[in-house]
Amino acid sequence: MSQRIQSIRGMHDVLPSENALWRTLERTAEAVFAAYGYEQIRLPIMERTALFERGVGEVTDIVEKELYTFEDRGGELMSLRPEGTAGAVRAGIQHGMLHNATQRLWYVGPMFRYERPQKGRQRQFHQFGIEAFGLTGPDVDVEQIAMSARLFKNLGITGLRLEINTLGTPEERATYRDALHAYFSAHFDQLDADSQHRLDRNPLRILDSKNPDMRELIAAAPSLTDYLGAESAAHFKGLCEGIEALGIDYTINPRLVRGLDYYTRTVFEWLTDDLGAQNAVCSGGRFDGLVAELGGSATPATGFAMGVERVAALMEAQGVALDDMAPHAYLVHTGDQASAKVPAMAESLRDALPGLRLRVHAGGGSFKSQFKKADRSGARLALVFGDDEAADDTLQIKPLTDDRDQERVSLAAAPERIAALLGDALNHR
Ligand code: ATP
Ligand code: MG
């Protein structure tokens, strides 16, 4: 036997057994995005590396350490996308969608980061993301937080915490950055190696450190709130009041930062205590400088990205109700005459009942072994078709999930009877 090839470390198959979880999440998210008037955009999985260097930032972990980059056969440097915003902005500029126009977009798909794989952290993972362009906020920032809250609510997820902060403008941040630089320089020997490396390039990112030994030092660092100008302060006040008016709980976390210049004002993150160390399920904020950074005319923008695997894990941990993806009915059949009629009969059932999920047994075997498969499939009904039934154009319907009696109906009457037995389950997903 030749050697088996395994999947790549950190890149997982999503198996049919996880389908109900993923489909419930996808369907709910799509409905929520539509409920706020957002339109889907589908973007390539690969872009020029330069897009991410400029769009995500050269001094981020994502670009410094995590990009999957290679030369294509024409010698151009390509990367698998590590996130969706850079591509969305690129597409918006390229198609002239952002010029004097507002756009509210959403996307979903796989993202790639060369990270250390662990629970809740893959190398291929998926994100839902939304972006609004051309709107300065804070009303749209509030709306996006409300969207994320509604998505969690509609999924039935509870116990998430919302943290928010403001990053001010690049100018305000520059002043703050100097103050931070002075503070951390004065405590240089208490910084870990990573933070020492960040000190001159991007001291704000030291605030983002997950090293517990640095927690105290970071807690005592100067706060950006003290460096805000009047407009940024008013924007942040509007954000807080808007969220409060909707009854959404939040805390202000002055240490919640993004290191890059094109981030402005609003940042937020949804956190959970149910997933261990990988506790962020959604993060978002305003990036008014990015469109110009990528060559478009200055356009305000704001958005969020949500980790599909982490939200799915949370749904599983909390046992939220999932869509039923099992077949409604499993058709068992024996006898040459009967089996010859099965394909056409199954098609006419599907014609008559468009929502019906009907799995037709294949591969022969006794009624007994076929019934075992029917049970295992999760179907509510077994449809039984043998030579007796074939001879008089009937079908036996046997409920599998309750103890109602098996009944024999004419083929003509079967769709109506099946629909009645399935009830809501036929139309519900
Ligand atoms: P973390 O701090 O956990 O690394 P991040 O700040 O890198 O997250 P973002 O780039 O803001 O994350 O992405 C938004 C969301 O995508 C995160 O909140 C998380 O739910 C999810 N996510 C990010 N990286 C991964 C990954 N490697 N595996 C699974 N989900 C991820
Ligand atoms: Mg990360």
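Let me sum up the structure you'll find in this document. Everything numeric in this text was worked out from a predicted model, so none of it was measured. (Residues numbered from 1 in each chain as written. Chains lettered and ligands numbered in written order. Predicted model: local features only at pLDDT ≥ 70, side-chain atom pairs only at ≥ 80, totals over all residues. Heavy atoms only, no water.)

## What about the site of ligand 1?
(1) Moving on: Inspection of the region around ligand 1 gives 15 residues, with R113, E115, K210, A280 and S283 positioned closest.
(2) Moving on: One nitrogen or oxygen atom from the side chain of R121 is found 2.9 Å from an oxygen atom belonging to ligand 1.
(3) Moving on: Between ligand 1 and V281 there is a distance of 3.4 Å, counted from an oxygen atom to a backbone nitrogen or oxygen.
(4) Moving on: In the complex, the protein chains occlude 84% of the 580 Å² of accessible area that ligand 1 would expose alone.
(5) Moving on: Residue assignment for the shell around ligand 1 shows that the elements contributing at least two residues are β6 (124–133), β10 (280–286) and β11 (301–307).
(6) Moving on: With 4 residues, β10 is the single largest residue contributor to the shell around ligand 1.
(7) Moving on: Residues of the shell around ligand 1, tallied by class, amount to 5 nonpolar, 5 polar and 5 charged. (Near = heavy atom within 4 Å. Polar contact = N/O pair within 3.5 Å; in protein donor to acceptor, adjacent residues only side chain to side chain. Areas by Shrake-Rupley, 256 points an atom, 1.4 Å probe, with all protein chains shown as cover. Helix = DSSP H or I, 4+ residues; strand = E, 2+ residues; numbered from the N terminus. Nonpolar A, V, L, I, M, F, W, Y, C, P; charged D, E, K, R; others polar.)

## Considering empty space enclosed by the protein
(1) Moving on: This model, assessed by the stated rule, comprises 1 cavity of 30 Å³ or more.
(2) Moving on: When its volume is computed, the largest cavity comes out at roughly 30 Å³.
(3) Moving on: Contributing to the lining of the largest cavity are V59, E64, H197, R198, R201 and R205.
(4) Moving on: Top element by residues in the lining of the largest cavity is helix α7 (residues 193–201). It accounts for 3 residues.
(5) Moving on: In terms of residue class, the lining of the largest cavity is built from 1 nonpolar, 1 polar and 4 charged. (1 Å grid on protein atoms, 1.4 Å probe; cavity = no way out; pocket = protein on both sides within 12 Å on 5 of 7 lines; lining within 4 Å. Points joined across faces, edges and corners; volume = space filled by probe spheres on them.)

## Observations regarding helix α9 (residues 230–245)
(1) Moving on: For α9, which comprises 16 residues, the first-to-last C-alpha distance of 22 Å matches the rise-based estimate of 22 Å (1.5 Å per residue) to within 8%.
(2) Moving on: Along α9, the positions that sit buried rather than exposed are S232, H235, F236, L239, C240, G242 and I243. The buried residues of α9 occupy an angular sector of 165° when the element is viewed end-on, so they sit on one face. Opposite the packed face of α9, turned more than 90 degrees from it, sit the exposed residues A230, E231, K237 and A245. (Expected span 1.5 Å × (residues − 1). Buried < 20%, exposed > 50% of the residue type's maximum accessible area, 1.4 Å probe, protein only. Arc of directions from axis to C-beta.)

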